[in-house]
Amino acid sequence: MTSRAAPVLDNTLRLAIEGYGWLPNLRRHRGVRTVATRLAGMRATALCGPEAAAFFYDEDHVRRHGALPEPIQATLFGKGAVHTLDGLSHRQRKEVFWPLLDAAGIARLVELTNDSWDTTAATWPQRGPVVLFDEASRIIVRAVSRWTGLPLDEAEVASFAADMVTLVDGFATAGPRHWRARRARHRREKWIADLVVQIRNGEAAAPVGSVLERIVVHRDVDGELLDPRLAAVELINVIRPTVAVSWFVAYAAHALHRWPANRKPLAEGDRAYTEAFAHEVRRFYPFAPFIGGKAVRDLVWDGVDIPEGSMVLLDLYGQNHDPEVWTDPYTFDPQRFIGRVIGEYELVPQGGGDPRSGHRCPGEQITVALLEAFSVHLARLEHTLPEQDLSISLQRIPARVRSGVVIAVPEG
């Protein structure tokens, strides 16, 4: 088979202009599913589809070590984070997180989040219209700090939540959002690293069995304790993606506003429908546009040569809207997930594959559980949406509802 050579033109500007639509548009324009291109001056091959996702997540094909650009490490993930590791080092570091993700651990986080919702929502009638996105981030921070054992005072909740949101909001831009994210990461890593040192010196204590305690005592494959700053990175990597559920909460409210027929089965507590609704929100709305790695060796996929060391991209947004995977992909329809067993490489808003051994987000179960809880609360909440801008720009990465979804809850 004759391979398709990479074009000379760099697509970095097109990515900035087209955002989430860049790779789907590129595939449609060329009439192929796999496209060779250049991004930031580097050769890149973009893949899409369940089989392509399985190829991408095979560590014999693609590695993550050295693949994440410094700006993303300095904002979203943190330098030296588990996301940058491969093989045994990656699996060993992931052991820190697994005890959180059993049924009891997730149920406990949902319980804490429900309590935080009840406390916060009770104030909304007196406060007037509130921005749901901001409120959700604080609700989650209040719950996840207790869940992880992080000693966060109530007075610090709003500022800590704002910093976690900033980390997510600034990773894919070179402008002011990015520099705010760098400052937020430096600030929070220093605070948590100092706490780790205090705990190790016996000057403070971590709750027994908490993720904070596990991170403080964790040893990597070399047998050494994590550097305090790296320990802070990994604690943030539990909290930050949990706070990122705020994006999906705003999207859920957006969906309930546009398609109010979903409200009734959610309010009635239909468990199957609630889970299906959460999956459809994650599939339909934009979150991560794509993920990347580097080719371990010279490869060929779909007739395209992939040179060793070149970038390999998996088009997450494109796959979640791929008509070869999803019927009527641009129609919001939770029914598509009723009775459907989801293949581990099909629905990929947070990556694909086995989260225990691969790079799929281990907190995906948390995202689904929290989104289910918030969706039921929203469906049962008596509220209105004042006039506002509910647009979602696919040029902005990460995308979000422009207004954050302003809601007004009546008194009485």
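If you're wondering where the values come from, they're calculated on a predicted model, not measured in any experiment.

K.L.:
Just checking my understanding: could you explain the overall build of the protein chain for this structure?
P.N.:
Looking only at helices and strands, the protein chain features 17 helices and nine strands. Here the C-alpha radius of gyration of the protein chain, 21 Å, is about what a compact globule of 412 residues would show, namely 22 Å. Viewed in the frame of its principal axes, the protein chain has a C-alpha envelope of about 70 × 55 × 40 Å. Here the protein chain holds 412 residues, and 56% of them are scored as buried. Summing over all exposed atoms, the protein chain offers an accessible surface of approximately 17600 Å²; the carbon and sulfur share of this is 53%.

K.L.:
Looking at this structure, how should I read the sheet that holds strand β3 (residues 62-63)?
P.N.:
Strand pairing within a sheet occurs via backbone hydrogen bonds; the two strands may be parallel or antiparallel. Overall, mixed pairing links the five strands, which are arranged β1-β2-β8-β5-β3 in an open sheet. A strand with exactly one partner marks an edge of an open sheet, and here the two such strands are β1 (35-39) and β3. In terms of strand pairing, strand β2 (residues 42-47) meets strand β8 (residues 311-315) through four bridges, oriented parallel. What sits directly across from A46, in β8, is L313.

K.L.:
Explain the packing of aromatic side chains to me, please; I cannot follow it from the model alone.
P.N.:
Note on aromatic pairs: each is described by the distance of the centres and the angle between the planes. By the definition in use, this model includes 18 aromatic pairs. Where W259 meets F284, the ring centres are 5.6 Å apart and the plane angle is 90°; that geometry is what we call edge-to-face. Here W259 is found in the loop between α13 (245-258) and α14 (263-267), whereas its partner F284 is found in helix α15 (residues 271-284), with 25 residues between them in sequence. The exposure class assigned to W259 is partly exposed, which follows from its relative accessible area of 24%. When its relative accessible area of 13% is taken as the criterion, F284 is described as buried. Judged by centre distance (5.5 Å) and plane angle (55°), the ring pair of W326 and F337 falls under tilted. Here the residue W326 occupies a position in the loop between α16 (316-320) and α17 (364-380), and F337 occupies one in the loop between α16 and α17, the gap between them amounting to 11 residues. Side by side, W326 and F337 carry an identical accessibility label, which is buried. Members of the aromatic cluster, connected to one another through ring pairs, are F248, Y251, W259, F277, F284, Y285, F287 and F332.

K.L.:
Hey, could you run me through unusual backbone geometry in this one?
P.N.:
For residues besides glycine, phi is generally negative; the peptide bonds are generally trans as well. Here I397 and P398 are connected by a cis peptide whose omega angle stands at -5°. Of note, P398 is situated in the loop between α17 and β9 (406-407).

K.L.:
I would appreciate a short explanation of empty space enclosed by the protein in the present structure.
P.N.:
If a probe as big as a water molecule is rolled over the atoms, it shows which places are left empty. For the structure on display, the rule yields two cavities of 30 Å³ or more. The calculated volume of the second largest cavity comes to roughly 30 Å³. Residue lining of the second largest cavity: R282, Y285, P286, F287, A288, L316, Y317, N320 and P349, and that is the complete set. The greatest single-element share of the lining of the second largest cavity, amounting to three residues, is contributed by α16.

K.L.:
Which parts of the structure should I look at to understand the pairing of strand β5 (residues 290-295)?
P.N.:
For β5, the tally of buried residues reaches five of six residues, placing the bulk of the element in the interior. Where β3 meets β5, two bridges bridge the pair, whose relative direction is antiparallel. If you follow R63 over to β5, its bridge partner there is K294. Pairing of β5 with β8, which is carried by five bridges, proceeds in the antiparallel orientation. Pairing of F290 across the sheet is with D315, part of β8.

K.L.:
Hey, could you run me through the environment of A232 in this one?
P.N.:
Relative to the elements of secondary structure, A232 occurs in helix α12 (residues 228-243). According to the relative accessible area criterion, A232 is buried, its value standing at 0%. Distance in space between the C-alpha atoms of A232 and L313 is 29 Å, their sequence separation being 81 residues.

K.L.:
What is the right way to look at the pairing of β1 in this model?
P.N.:
Consecutive side chains of a regular strand alternate in pointing toward one face of the sheet and then the other. Of all five residues that make up β1, four are buried, and the element is covered over most of its length. Both β1 and β2 contribute to a ladder of five bridges, which runs antiparallel. Each residue of the ladder has a partner; that of A36, found in β2, is T45. Joining the antiparallel neighbours β1 and β2 is a turn of two residues, in which A40 adopts a positive phi near 55°.

Calculation criteria
Residues numbered from 1 in each chain as written. Predicted model: local features only at pLDDT ≥ 70, side-chain atom pairs only at ≥ 80, totals over all residues. Heavy atoms only, no water. Helix = DSSP H or I, 4+ residues; strand = E, 2+ residues; numbered from the N terminus. Rg over C-alpha atoms; globule rule 2.2 N^0.38 Å. Buried < 20%, exposed > 50% of the residue type's maximum accessible area, 1.4 Å probe, protein only. Areas by Shrake-Rupley, 256 points an atom, 1.4 Å probe, with all protein chains shown as cover. Pairing = 2+ DSSP bridges. Phe/Tyr/Trp six-rings, centres within 6.5 Å; stacked < 30°, edge-to-face > 60°. 1 Å grid on protein atoms, 1.4 Å probe; cavity = no way out; pocket = protein on both sides within 12 Å on 5 of 7 lines; lining within 4 Å. Points joined across faces, edges and corners; volume = space filled by probe spheres on them.

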